Amino acid sequence: MLVSTNQMLLDAQKGGYAVPAFNIHNLETIQVVVDTANELRSPVILAATPSTVKYAGLEYLIKMIETASNKYDIPIAFHLDHHEDVNSIKEAILLGCKSVMIDASHHPFEENVKIVKEVVDFAHRYDVSVEAELGKLVGQEDDLIVDESQSAYTDPKLAKEFVERTGINSLAVAIGTAHGLYKNEPKLDYERLKEIKKLVDIPLVLHGASGVPFDSVRTTIEDGICKVNIATELKIPFAESLKEFFLKNPNESDPRKYLIPAKEAMKKVVVDKIIMCKSDNRG
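Cut-offs and rules
Residues numbered from 1 in each chain as written. Predicted model: local features only at pLDDT ≥ 70, side-chain atom pairs only at ≥ 80, totals over all residues. Heavy atoms only, no water. 1 Å grid on protein atoms, 1.4 Å probe; cavity = no way out; pocket = protein on both sides within 12 Å on 5 of 7 lines; lining within 4 Å. Points joined across faces, edges and corners; volume = space filled by probe spheres on them. Helix = DSSP H or I, 4+ residues; strand = E, 2+ residues; numbered from the N terminus. Nonpolar A, V, L, I, M, F, W, Y, C, P; charged D, E, K, R; others polar. Pairing = 2+ DSSP bridges. Axes fitted to C-alpha atoms, helices over the stretch in contact; angles between N-to-C directions. Contact = heavy atoms within 4.5 Å. Buried < 20%, exposed > 50% of the residue type's maximum accessible area, 1.4 Å probe, protein only. Arc of directions from axis to C-beta. Polar contact = N/O pair within 3.5 Å; in protein donor to acceptor, adjacent residues only side chain to side chain. Expected span 1.5 Å × (residues − 1). Parallel < 35°, antiparallel > 145°, perpendicular 65-115°, else oblique. Left-handed = near helix turned anticlockwise from the far one by under 90°.

Q: Quick question: what am I supposed to make of the layout of surface pockets here?
A: The rolling of a water-molecule-sized probe over the atoms marks out the regions of remaining empty space. Taken as a whole, the second largest pocket holds about 160 Å³ of empty space. Taken together, L27, I30, Q31, V34, D35, M64, T67, A68, K71 and Y72 make up the lining of the second largest pocket. Going through the elements one at a time, helix 2 (27–39) and helix 4 (58–71) are the ones with two or more residues in the lining of the second largest pocket. Ranked by residues supplied to the lining of the second largest pocket, first place goes to helix 2 with five residues. Here the lining of the second largest pocket is built from residues that sort into six nonpolar, two polar and two charged.

Q: What am I meant to see in the sheet that holds strand 8 (residues 170–173) here?
A: Strands belonging to one sheet form pairs held by backbone hydrogen bonds; the direction of such a pair is parallel or antiparallel. The eight strands are arranged 1-2-3-4-5-8-10-11 in a closed barrel whose pairing can be described as parallel. The mean inter-strand angle of the sheet, taken between neighbouring strand axes irrespective of direction, is 25°. The sheet contact formed by strand 3 (residues 76–83) and strand 4 (residues 99–102) spans two bridges and is parallel. The residue of strand 4 that forms the bridge with H83 is I102. Docked against the sheet, helix 7 (residues 156–166) engages strand 5 (129–134) and strand 8, running at close to 150° with respect to strand 5.

Q: How should I be thinking about helix 7 in this particular structure?
A: Since the α-helix turns once every 3.6 residues, residues separated by three or four places project in the same direction. Listed as buried for helix 7 are P156, A159, F162, V163 and T166. In a view along the axis of helix 7, the buried residues occupy a sector of 110°, so they form one face of it. For helix 7, the exposed residues set more than 90 degrees away from the buried face come down to K157 and E164. Packed against the buried residues of helix 7 are helix 6 (109–123), strand 5, strand 8 and helix 8 (190–199). Measuring from the backbone nitrogen of K157 back to the side-chain oxygen at the start of helix 7 gives 2.9 Å, which picks out D155 as the cap. Just downstream of helix 7, G167 is the residue with a positive phi angle, here 75°.

Q: What am I meant to see in helix 2 here?
A: The terminal C-alpha atoms of helix 2, which comprises 13 residues, lie 18 Å apart, in line with the 18 Å expected from a rise of 1.5 Å per residue. Taken as a whole, helix 2 has its buried residues at E28, T29, I30, V32, V33, V34, T36, A37 and N38. Elements in contact with the buried residues of helix 2: strand 1 (19–23), strand 2 (44–48), helix 4, strand 3, helix 10 (232–248) and helix 11 (255–277). With its phi angle positive at about 55°, R41 sits one or two positions after the end of helix 2.

Q: Help me understand the packing of helix 2 against helix 11, please; the structure alone is not making it clear to me.
A: At a minimum axis distance of 9 Å, the contact between helix 2 and helix 11 shows a crossing angle of 45°. Here helix 2 is positioned oblique relative to helix 11, judged by the angle of their axes. When you trace helix 2 past helix 11, the crossing you get is right-handed. Between helix 2 and helix 11, the residues in contact are E28, T29, Q31, V32, V33, T36, A37 and E39 and L259, K263, M266, K267, V270, V271 and I274, respectively. Taken together, the residues of the contact of helix 2 with helix 11 sort by class into eight nonpolar, three polar and four charged.

In structure tokens form, the structure reads like this:
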């Protein structure tokens, strides 16, 4: 049975750690993330963007992740990441999805509030947790592209108003991270994050964590981040492993032979990110 991320993130907020959220795409990425999380005894969130849902099929994703959650006794959640269509989110909730992100951050503030509130009112009737974003991250997340000129950091005072008016369960903040790979080391606005934490009492979410230095992410967790999203950094070893395998074995046709090393390559990233999200007192 799929669970809401609400209690997972509240526990993280209380315990001073973050829950890693990995963008998954197929059976192999689900297996690597869940198996590794179980080995390290870590809660984990499996996130799917609109293009992943279109590619894999929502029913398939839900059933595969339900199977994983029944297999292990760690907290495992399935989360819709950066979904913008309200009707498709409602359909997913009716199919059993317990955690959703409605991303209306590209709209003006009042429109953002209105759209998010509609999703929250519907979702909470089914015990579904809702994440929303205030501010804009640069870069590309699947089909969503935000140019540097359109980026906007989260305003702490607006964040407080946004949370109060929408009733969301978690807030994604823009503090200097970006989707995709970084050309240079990102400069994160820790003071802005601290100010948001003072004014907002719900769990905060860091998007665009792929490529952000280990210590930088740890600092954001100390400053209030309770969920860390990883996407690009998981896709790269998967793709690179496949390329390398076929260069050495151009005539191979058995998926089991080339997907096993790809899973092993991804596992290294998953281990690093789970350790990064743990607090020192969690072991």
